[in-house]
Amino acid sequence: MATALIEEELDNEDYYSLLNVRREASSEELKAAYRRLCMLYHPDKHRDPELKSQAEQLFNLVHQAYEVLSDPQTRAIYDIYGKRGLEMEGWEIVERRRTPAEIREEFERLQREREERRLQQRTNPKGTISIGIDATDLFDRYDEDYEDGPGRGFPRIEINKMHISQSIEAPLTATDTAILSGSLSTQNGNGGGSINFALRRVTSAKGWGEFEFGAGDLQGPSFGLKLFRNLTPRCFITTNCALQFSSRGIRPGLTTVLARNLDKNTMGYLQWRWGIQSAMNTSIVRDTKTSHFTVAFQLGIPHSFASISYQYKFQDDDQTRVKGSVKAGFFGMVVEYGAERKISRHSVLGATVSVGVPQGVSLKIKLNRASQTYFFPIHLTDQLLPSAVFYATVGPLVVYFAMHRLVIKPYLRAQKEKELEKQRESTATDILQKKQEAESAVRLMQESVRRIIEAEESRMGLIILNAWYGKFVNDKSRKNEKVKVIDVTVPLQCLVKDSKLILTEASKAGLPGFYDPCVGEEKSLKVLYQFRGVLHQVMASDKEALRIPKQSHRIDTDG
């Protein structure tokens, strides 16, 4: 993520930020901003050969930005693809008389074609590894003479079952995909495996079909056909037909699911299953930004049940979720509760406690790493023991917070710093060039800034006393991190007009006289200014719009 952020910051010159205009700026606003910068950077205004050379470079950069944004066609391309888009081959074949909307549509089509070619090169592997652990000896130990035997001093923990499955997809064409999958399972010394091959074809924008063939050592060959169809924009149906061949004959099966959008966030499902385990199921699923709720009822052979589950989604960077569910039926009753949290960019760790009759108490740990899933169900006891429930709940929390604080957090911080440092070294030339451009711009601004300050002082207007841009460290927990800021007092004062300073919603690193002192890290702008003789102070994030002066920025000096 840091790599992509650095590349984006270095490769895309923000022309809107350079001219300090909104992305929706009119041609008049662009022209006014261009004229102002031309007056500042025009080479003829500087006699010193070095300053004249620097002014010429910056003048050409401003002129290039204006040329791109003032032309509707090139502006449409830039808005979609940035500076890279303008440098790509093939743009010359586009008719100049096309409207911006037509250009957008054309390049979106080209982008889809590139995505299709990339798709054909992907296999999209998915896998699951499940290891069942029998830890009942921790809580259900015998009180008989067996404890006096050798090796009975410690509880015995065993792996009693294991399941491994893997699948890959191979796009053949834009509409056809081949899927190969296999699995191996073992439980208490007995095991088997199977292999499946499926061919999926997208028949239209409304549906697709899939044919599947499978074989295994425990069961004979099987054939399946799955069909999906959108009946209306809010309703679809899925049908799955299967034939299983075995020594007992042919076992047919049919499953049909009818689903409908009840509202923007709610889906209703009706499912009919006929075959070895016939059942009828209905469920309602509501998924919003902050929660996920499911209620389901099933009437079938051999299992009939009712269940309800709720999940709350915290709006934090770690995507923390807590969940709980209750399921009751002819088999008994199960209560589950747990949580999951993102521990790295591609990894999510979760734990669930299951308490039921007659199942007992179990702890289920799951780790999702990209497209791979690792599942560890740990059976603690066959009885409803409060001690087992307590340790199953508290144990994972203590281990997680200890590991997160002592291992995961330091490791991720070190990895991020290592990646950022590596990228800074590889892009040092580009960063140095932008720094030199910013320093040249500041030297060229000195005379203009002096006149602006004199004009503002004469009317008790806006004076920028100090301004810093970069990475500030205010949190005590981050006191070991380095502050990386640059002085931008002169560039900001140069942008003051009629006792006002207006910055748009764009990265401030692209403003005249600015550069990025900490590529890939969060940045802010801190300004101390004087207006009508009164001190003001404000801090804004990198891409936050800013308008100065404001009454809310005033520093209270009464105390």
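Let me sum up the structure you'll find in this document. (Residues numbered from 1 in each chain as written. Predicted model: local features only at pLDDT ≥ 70, side-chain atom pairs only at ≥ 80, totals over all residues. Heavy atoms only, no water.)

1. Points about the overall build of the protein
Condition: Going along the chain from the N terminus, every DSSP run of H or I of four or more residues is numbered as a helix, and every run of E of two or more is numbered as a strand. Only protein chains enter the area calculation, which uses a 1.4 Å probe; residues under 20% of their type maximum are buried, those over 50% are exposed, and those in between are partly exposed. We call two residues in contact when some of their heavy atoms are within 4.5 Å. In short, Shrake-Rupley with a 1.4 Å probe defines the accessible areas, and a residue's cover is counted only from the protein chains shown.
Looking only at helices and strands, the protein features 9 helices and 23 strands. Across the 559 residues of the protein, 35% fall into the buried class. Summarising the internal contacts of the protein: among those between residues at least 6 apart in sequence, 44% fall at separations of at least 24. Summing over all exposed atoms, the protein offers an accessible surface of approximately 34,400 Å²; the carbon and sulfur share of this is 55%.

2. Points about the sheet that holds strand 21 (residues 524–531)
To be explicit about the condition: Only strands that DSSP links by at least two bridges are regarded as paired with each other. Only the stretch in contact is used when fitting a helix axis, every axis being a line fitted to C-alpha atoms; angles between N-to-C directions are given from 0 to 180 degrees.
Strands sit in the order 19-18-21-22 across an open sheet of 4 strands; the sheet is antiparallel. The two strands at the open ends of the sheet, each matched to only one other strand, are strand 19 (484–487) and strand 22 (534–541). Averaged over all pairs of adjacent strands, the angle between their axes in this sheet comes to 20 degrees, without regard to strand direction. Bridge count between strand 18 (residues 462–471) and strand 19: 4 bridges; the pairing is antiparallel. Paired with G470 across the bridge in strand 19 is V485.

3. What to know about the pairing of strand 1 (residues 126–134)
Sheet topology note: the strand 1/strand 2 (residues 158–171) ladder contains 9 bridges and is antiparallel. Following the sheet pairing, I129 is matched in strand 2 by I164. Sheet topology places strand 1 next to strand 17 (residues 372–381); 6 bridges connect them, and they run parallel. For T128, the partnering residue across the bridge sits in strand 17 and is T373.

4. Focus on the packing of aromatic side chains
Put simply, the rule reads: Stacked, tilted and edge-to-face are the three classes assigned to paired rings of Phe, Tyr and Trp, where Trp is represented by its six-membered ring and a pair needs centres within 6.5 Å; plane angles under 30 degrees give stacked, over 60 edge-to-face, the rest tilted.
Considering all chains together, one arrives at 11 aromatic pairs under this definition. Ring geometry for W208 and F228: centres 5.7 Å apart, planes at 15 degrees, overall stacked. Here F228 lies in strand 6 (residues 222–232) and W208 lies in strand 5 (residues 207–216), a separation of 20 residues in the sequence. Classification of W208 as partly exposed rests on a relative accessible area of 24%.

5. Some thoughts on the nonpolar core
Buried together is how nonpolar side chains tend to be arranged in soluble globular proteins. Formally: Residues grouped as a nonpolar core are buried Ala, Val, Leu, Ile, Met, Phe, Trp, Tyr and Cys residues, joined through side-chain atoms within 4.5 Å. For the domains described, the bounds stem from an automatic or database domain assignment.
One finds L19, V21, L30, Y41, V62, L69 and M445 to be the most contacted residues of the largest nonpolar core, which totals 30 residues. For this core, the secondary structure elements donating two or more residues are helix 2 (15–19), helix 3 (27–41), helix 4 (49–70), helix 8 (428–458) and helix 9 (489–494). Among the elements that make up this core, the one with the highest residue count is helix 4 (9 residues). Lining this core are residues from two domains, each supplying at least three of them: domain 1 (1–122) and domain 2 (393–558). Excluding its chain neighbours within four sequence positions, the residues that come into contact with L69 are Y15, Y16, L19, L30, R75 and Y78. Counting 24 residues, the second largest nonpolar core, distinct from the first, contains I464, L495, F514 and Y529.

6. A word on unusual backbone geometry
Put simply, V357 and P358 share a cis peptide bond, and its omega is 5 degrees. With respect to the element layout, P358 can be found in the loop between strand 15 (347–357) and strand 16 (360–369). Each neighbour pair has its own omega, and for I548 with P549 the value is 5 degrees, a cis peptide bond. Here P549 is to be found in the segment after strand 23 (546–548). For A370, which is not glycine, the phi dihedral falls at a positive 55 degrees. One can find A370 in the loop between strand 16 and strand 17. On the basis of relative accessible area, A370 is assigned to the exposed category, the value being 59%. The phi dihedral of R532 is positive, around 55 degrees, even though this residue is not glycine. Along the polypeptide, R532 turns up in the loop between strand 21 and strand 22.

7. A short note on the packing of helix 4 against helix 8
Threshold: Reported orientations rely on four angle classes, namely roughly parallel under 35 degrees, roughly antiparallel over 145, roughly perpendicular from 65 to 115, and oblique for the rest. Should the near helix be turned counterclockwise from the far one by less than a right angle, the crossing is left-handed, whereas a clockwise turn marks it as right-handed. In this classification, the charged set is Asp, Glu, Lys and Arg, the nonpolar set is Ala, Val, Leu, Ile, Met, Phe, Trp, Tyr, Cys and Pro, and all remaining amino acids, among them Gly, are polar.
Their axes nearest at 10 Å, the elements helix 4 and helix 8 cross at an angle of 110 degrees. Our classification of the angle between helix 4 and helix 8 gives roughly perpendicular. Our pair here, helix 4 against helix 8, has a crossing hand that is left-handed. Between helix 4 and helix 8, the contacting residues are L51, Q54, A55, L58 and L61 on the first element and E437, S440, A441, R443 and L444 on the second. Taken together, the residues of the contact of helix 4 with helix 8 break down into 6 nonpolar, 2 polar and 2 charged.

8. Here's the deal with the pattern of salt bridges
Under the convention used in this document: Definition used for salt bridges: Asp or Glu carboxyl oxygen within 4 Å of a side-chain nitrogen of Lys or Arg.
One pass over the structure, following the stated rule, counts 16 salt bridges. The salt bridge partner of E29 is R22, with a shortest N-O separation of 2.9 Å. Among the salt bridges present, the one from R200 reaches E210, with a minimum N-O distance of 2.9 Å. Of this pair, R200 sits in strand 4 (residues 190–204) while E210 sits in strand 5, and the two are 10 residues apart along the sequence. Judged by relative accessible area, R200 falls into the partly exposed class, the value being 26%. Judged by its relative accessible area of 8%, E210 falls in the buried class. Each of E447, R450, R451 and E454 takes part in one network of salt bridges that share partners.

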